[in-house]
Amino acid sequence: MPKLYEYLGITFYFYAKDYLPIHVHASYGDCETIFELIFKDGALAEVRKRKSAGIEPLPKAKAKDAEAFVKA
């Protein structure tokens, strides 16, 4: 899994040959949240959060930091 970035202790990565919609995994410790990137007319229109199966989601403060980073 290629690591994209690390920010405030949160690691952002993706899996090669993954599925749509385009998304990035964000992990902090043993927690993970997936951020789906929704594009319209070539521009980022929305970022959706969802849980990763069988893994605790990021703590609220870290999820907020991660979402702000993904949107930026």
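Just so it is clear, the structure is predicted and the values come from calculations on it, not from any experiment.

Engineer: Requested: an account of the pairing of strand β5 (residues 43-51), with residues and values cited.
Structural biologist: As paired elements, strand β4 (residues 31-40) and β5 share 8 bridges and run antiparallel to each other. Counted as the bridge partner of Ile-38 is Glu-46 from β5. Two successive antiparallel strands, β4 and β5, enclose a turn made up of 2 residues, where Asp-41 displays a positive phi of approximately 55 degrees.

Engineer: Provide a residue-level description of the nonpolar core, including the pertinent values.
Structural biologist: Membership of the largest hydrophobic core is limited to 12 residues, which are Ile-10, Phe-12, Val-24, Ala-26, Cys-31, Phe-35, Leu-37, Val-47, Leu-58, Ala-63, Ala-66 and Val-70. Residue assignment for this core shows that the elements contributing at least two residues are β2 (10-13), β3 (23-28), β4 and α1 (60-71). What Phe-35 contacts, discounting residues up to four positions off in sequence, is Ile-22, His-23, Val-24, Ala-26, Val-47, Arg-48, Lys-49, Leu-58, Ala-63, Ala-66, Glu-67 and Val-70.

Engineer: Break down the sheet that holds β3 for me, with residues and values.
Structural biologist: Judged by pairing direction, the sheet is antiparallel, and its 5 strands sit side by side in the order β1-β2-β3-β4-β5 without closing on themselves. Both edges of this open sheet fall to β1 (3-7) and β5, since each of them pairs with a single strand only. Ignoring which end each strand starts from, the neighbouring axes of this sheet average 25 degrees apart.

Rules and cut-offs
- Note that residues are indexed from 1 along each chain, following the sequence as it is written.
- Thresholds applied to this predicted model are a pLDDT of at least 70 for local features of residues and 80 or more for the giving and counting of side-chain atom pairs; totals over whole chains, interfaces and linings are not thresholded and use all residues.
- Hydrogens are left out, water is left out, and the side-chain values use all remaining heavy atoms of the structure.
- Each pair of strands is called paired provided DSSP finds at least two bridges between the two strands.
- Helix and strand labels come from DSSP, where a helix needs a run of H or I of at least four residues and a strand needs a run of E of at least two; each type is numbered from the N terminus.
- We define a nonpolar core as any set of buried Ala, Val, Leu, Ile, Met, Phe, Trp, Tyr and Cys residues linked to one another through side-chain atoms lying within 4.5 Å.
- Here the term buried applies to any residue with accessible area under 20% of the maximum for its type, exposed to any over 50%, and partly exposed to those in between, with areas from a 1.4 Å probe on protein chains only.
- The contact rule is simple, with two residues in contact once any of their heavy atoms fall within 4.5 Å.
- Interaxial angle, 0 to 180 degrees, is taken between N-to-C directions of lines fitted to C-alpha atoms, where a helix line uses only the stretch in contact.

Purely spatial values, then, with no claim about function.
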